[in-house]
Amino acid sequence: EGEAVYRLPDSGADPPDTLVITSQRLRFDRRAHSALFTGEVELTRGEILAVADTLLHQPDSNLTILSGAPIIWRGGDELSGRSIELIFLDRELRRIEVFGEAIALSRVSASEDLKNRLTGDRMDIVLLNDSTRIVTVIGDAEGEYHVWDEKRVYRGMNLSAADTIRLTIVGNRTTEIALGGDVSGTFYPPEYIPAGPVEQAHRPGGG
């Protein structure tokens, strides 16, 4: 009870790293080999910062579950949902699954306040390496992403809606977009991009 701190050093990482979880309460379950953190939970490891109301850490299964308004930040990326599962392999984060009202925001320009935005019922993120990830949004998927050409000239913003949206992201650039199911979308050249958040009004049956 009261400002509990859990540390899991990883001397095998390059560079060495430590998983740190803090909370107001911590309960260990010896039989399940799990730790339940509740109240003002904060997780840090390297570039990752996560907050939640509750966190269940299961070292044997390489699974960490955040619930109760969880949010994860990594560099210019922000991820939120009703619950988020972090899946590790040899203590390295390999996959993130978001369940319920999944939202991903990704900064795409250091010089401008531009962010790609993905939303859906569920989101699956596979981390292939430090720079490449595959993001799949399932159920009422909507995407708002900014487009540059091969000469890095900004071309505008694309709004899409589909049953599923799958992105391949390398660094801060989206290199591939695949949409499945009922698909619709609108492309805005720079001079026609609406100010403020844009409601997706082009989903089939949505007007």
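Residues numbered from 1 in each chain as written. Predicted model: local features only at pLDDT ≥ 70, side-chain atom pairs only at ≥ 80, totals over all residues. Heavy atoms only, no water.

How would you sum up the side chain of serine 34? Please name residues and give values.
Mapped onto the elements, serine 34 comes out in strand E4 (residues 34-45). Looking at serine 34, the relative accessible area reads 10%, which means it is buried. When neighbours within four sequence positions are excluded, serine 34 is seen to be in contact with Arg27, Phe28, Asp29, Leu56, His57 and Gln58. (Helix = DSSP H or I, 4+ residues; strand = E, 2+ residues; numbered from the N terminus. Buried < 20%, exposed > 50% of the residue type's maximum accessible area, 1.4 Å probe, protein only. Contact = heavy atoms within 4.5 Å.)

Can you lay out the confidence of the model for the protein for me, pointing to particular residues and giving the numbers?
Of the residues in the protein, 90% reach a pLDDT of 70 or more, and the chain-wide mean stands at 85. Below pLDDT 50 for its whole length, residues 199-207 participates in 19 contacts with residues either more than four positions away or in separate chains. (pLDDT = per-residue confidence, 0-100.)

Describe in detail a negative patch on the surface, supporting the description with residues and values.
A cluster of acidic residues, Asp121, Asp140, Asp163 and Asp182, forms a negative patch on the protein surface. Here aspartate 182 shows up in the loop between strand E14 (173-180) and strand E15 (184-188). In this structure aspartate 182 comes out as partly exposed when scored by relative accessible area, which is 47%. (Patch = residues over 30% accessible without salt bridge, like charges linked within 9 Å, V, L, I, M, F, W, Y side chains within 5 Å. Areas by Shrake-Rupley, 256 points an atom, 1.4 Å probe, with all protein chains shown as cover. Salt bridge = Lys/Arg side-chain N within 4 Å of Asp/Glu carboxyl O. Lys, Arg positive; Asp, Glu negative; His and termini not counted. Charge placed at Lys NZ, Arg CZ, Asp CG, Glu CD.)

Break down the nonpolar core for me, citing the residues and quoting the values.
Membership of the largest hydrophobic core comes to 33 residues, with the highest contact counts inside it found for Ile21, Leu79, Leu86, Ile96, Leu118 and Met123. Among the elements of the structure, strand E2 (17-23), E4, strand E5 (48-58), strand E9 (83-89), strand E10 (92-107), strand E11 (115-127), strand E12 (132-148) and strand E13 (154-170) are those that each provide at least two residues to this core. A total of five residues in this core trace back to one element, the largest contributor, which is E10. Not counting chain neighbours up to four residues away, the residues in contact with methionine 123 comprise Leu79, Ile96, Glu97, Val98, Ala102, Ile103, Ala104, Leu118, Val135, Thr136 and Val137. Trp148, Tyr154, Met157 and Leu159 belong to the second-largest nonpolar core, a separate cluster that totals seven residues. (Core = buried A, V, L, I, M, F, W, Y, C linked by side-chain atoms within 4.5 Å.)

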